[in-house]
Amino acid sequence: MNLDKYNIGAGLNKNVYLKLIDILDEKLKKKEKLRILEFGSGMSTKFFLDYNNLRKKDEDVLEITSFDNDLKWSYKKTENDRCLNLYIRDLIECNENDFNKQMETKIFNKNVFSIRRAPPTWRQRNCFYSIQENDIHDKYDIVILDGPNGNGRNISYLHFKENLEKESIILIDDFNSCDNEFKYKFVEYAKHFFNLEDIYTYESSNIGDYEKGGNFCFLRVIE
């Protein structure tokens, strides 16, 4: 695959795609089709579609479910993208106390959320996509956590906590993100929800460098 064509905007770095190819190739030795759950749509969605088209014969090898809140920046689905379920959902937010309670109890409470009225920022708090009933279902082989911005990505765990199984993979982009002294704790919360092992971590100070930049980690469910 020509990975250079995915070097557009603030998406995943090249080393993420290289590792994803290894994981996809290995998993497809054991299963005929893989289910992908993606938070944050864009070039990564295009990557999965291209991979599917390269590998499929009579049937698709990937089934992709992708979420975003912005039609401008998300992937533009076409009639040929039959293996993709793309959901454009509003951003919703809650206060700090309600966020912490949900993280502690592992129980999602839709009643404490409201539609976010302020424009999205790089450092917004406790904010996630308004996931609807049946948007997420059954088991997923790979989860991509790359949106929206801010610590609210942790809310995703509340939505797919029952949808992973042994050997499922979670990719967390910008896993060490923070807002000054406020740590987002993406990995810490992931390990609170799931029994995980670290399988690959990449850290770089080369901000904006598609070839050598990026801060991401891959985690695997071990039971």
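Everything below is about the structure printed above this text.
This section reports on the structure supplied with the text. Every residue gets a number counted from 1 within its own chain, in the order that chain's sequence is written. Side-chain atom pairs in this predicted model are given and counted only at pLDDT of 80 or more, local residue features only at pLDDT of at least 70, and totals for whole chains, interfaces and linings cover all residues. Computation of side-chain values: all heavy atoms of the structure, hydrogens and water removed.

## Observations concerning the packing of helix α1 (residues 14–27) against helix α2 (residues 43–55)
Logical step 1: Axis lines are fitted through C-alpha atoms, for helices just across the contact stretch, and the angle between N-to-C directions can take any value from 0 to 180 degrees. Here a helix means four or more residues in a row that DSSP labels H or I, a strand means two or more in a row labelled E, and each is numbered from the N terminus. Two numbers describe how α1 lies on α2: the axes approach to 12 Å, and their chain directions differ by 40°. Comparing their axes, α2 and α1 come out oblique. Crossing of α1 over α2 shows right-handed handedness. Together, Y17, L20, I21, L24 and D25 of α1 and M43, S44, F47, F48, Y51 and R55 of α2 make up the contact between the two elements.
Logical step 2: Only Asp, Glu, Lys and Arg are considered charged in this grouping, and only Ala, Val, Leu, Ile, Met, Phe, Trp, Tyr, Cys and Pro are considered nonpolar; every other residue, Gly among them, is considered polar. The residue makeup of the contact of α1 with α2, split by class, is eight nonpolar, one polar and two charged. The cut-offs work like this: below 35 degrees is roughly parallel, past 145 is roughly antiparallel, 65 to 115 is roughly perpendicular, and the gaps in between are oblique. Here a crossing is called left-handed whenever its near helix is offset anticlockwise from the far helix by less than a right angle, and right-handed whenever the offset is clockwise. Note on contacts: a residue pair is in contact if any heavy atoms of the two residues lie within 4.5 Å.

## Quick notes on α2
Logical step 1: An ideal rise of 1.5 Å per residue puts 18 Å on 13 residues; α2 measures up with 18 Å between its terminal C-alpha atoms.
Logical step 2: Restricting attention to buried positions, one finds in α2 the residues S44, T45, F47, F48, L49, D50, Y51 and N52.
Logical step 3: Buried residues in α2 make contact with α1, β1 (34–39), β2 (62–68), β3 (84–88) and β7 (142–145). Given a helix with a known number of residues, its expected span is that number minus one, times 1.5 Å. Between buried and exposed lies partly exposed: a residue is buried under 20% and exposed over 50% of the maximum accessible area for its type, with that area taken using a 1.4 Å probe on protein chains only.

## Some remarks on the side chain of S130
Logical step 1: Tracing the backbone through its elements, the reader meets S130 in the loop between β6 (127–129) and β7.
Logical step 2: In this structure S130 comes out as buried when scored by relative accessible area, which is 16%.
Logical step 3: S130 has contacts with R89, D90 and I92, leaving out every residue within four places of it along the chain.

## A few points about the sheet that holds strand β8 (residues 169–173)
In a beta sheet, neighbouring strands are held together by backbone hydrogen bonds and run either parallel or antiparallel to one another.
Logical step 1: Taken in spatial order, the seven strands of this open sheet run β3-β2-β1-β7-β8-β12-β11, and their pairing is mixed. What marks the edges here is a single partner per strand, and that holds for β3 and β11 (196–202). Neighbouring strand axes in the sheet, compared pairwise and without regard to direction, differ in orientation by 15° on average.
Logical step 2: Packing against the sheet, helix α5 (residues 186–193) makes contact with β8, β11 and β12 (216–221), and its axis sits at approximately 5° to β12. When DSSP finds at least two bridges between two strands, those strands are taken to pair.

## Digging into the packing of aromatic side chains
Each aromatic ring pair is described using two quantities: the centre-to-centre distance and the angle formed by the ring planes.
Logical step 1: By convention, a stacked pair of Phe, Tyr or Trp rings (six-membered ring in the case of Trp) has centres within 6.5 Å and planes under 30 degrees apart, an edge-to-face pair has planes over 60 apart, and any other such pair is tilted. The final tally for this structure, using the stated rule, is 22 aromatic pairs.
Logical step 2: Relative to F47, the ring of Y6 has its centre 5.8 Å away and its plane inclined at 85°; by these criteria the two rings are edge-to-face. Of this pair, Y6 sits in the segment before α1 while F47 sits in helix α2, placing them 41 residues apart in sequence. The residues Y6 and F47 share a single accessibility class, namely buried.
Logical step 3: With centroids separated by 5.3 Å and ring planes inclined at 65°, the aromatic side chains of F47 and F48 adopt a geometry described as edge-to-face.
Logical step 4: Judged by relative accessible area, which is 0%, F48 ranks as buried.
Logical step 5: Site record: aromatic cluster; members linked through ring pairs are F39, F67, Y87, F128, Y129, Y157, F160, F193 and F194.
Logical step 6: Each ring is checked for a lysine NZ or an arginine CZ that lies within 6 Å of its centre and within 35 degrees of its normal; such an atom marks a charge sitting over the ring. In this arrangement the basic side chain of R35 is found over the ring face of Y140, its NZ or CZ atom lying 4.3 Å from the centre.
Logical step 7: Positioned above the aromatic ring of F182 is the side chain of R125, whose terminal nitrogen or guanidinium carbon lies 3.7 Å from the ring centre.

## Things to note about the sheet that holds β6
Logical step 1: Taking strand neighbours across the sheet as the criterion, the three strands line up as β5-β4-β6 in an open arrangement whose pairing is antiparallel. Each edge of the open sheet is held by one strand with a lone partner, namely β5 (114–115) and β6.
Logical step 2: The pairing of strand β4 (residues 91–93) with β6 spans three bridges and is classified as antiparallel. Each residue of the ladder has a partner; that of E93, found in β6, is C127.

In short, geometric facts, not functional conclusions.
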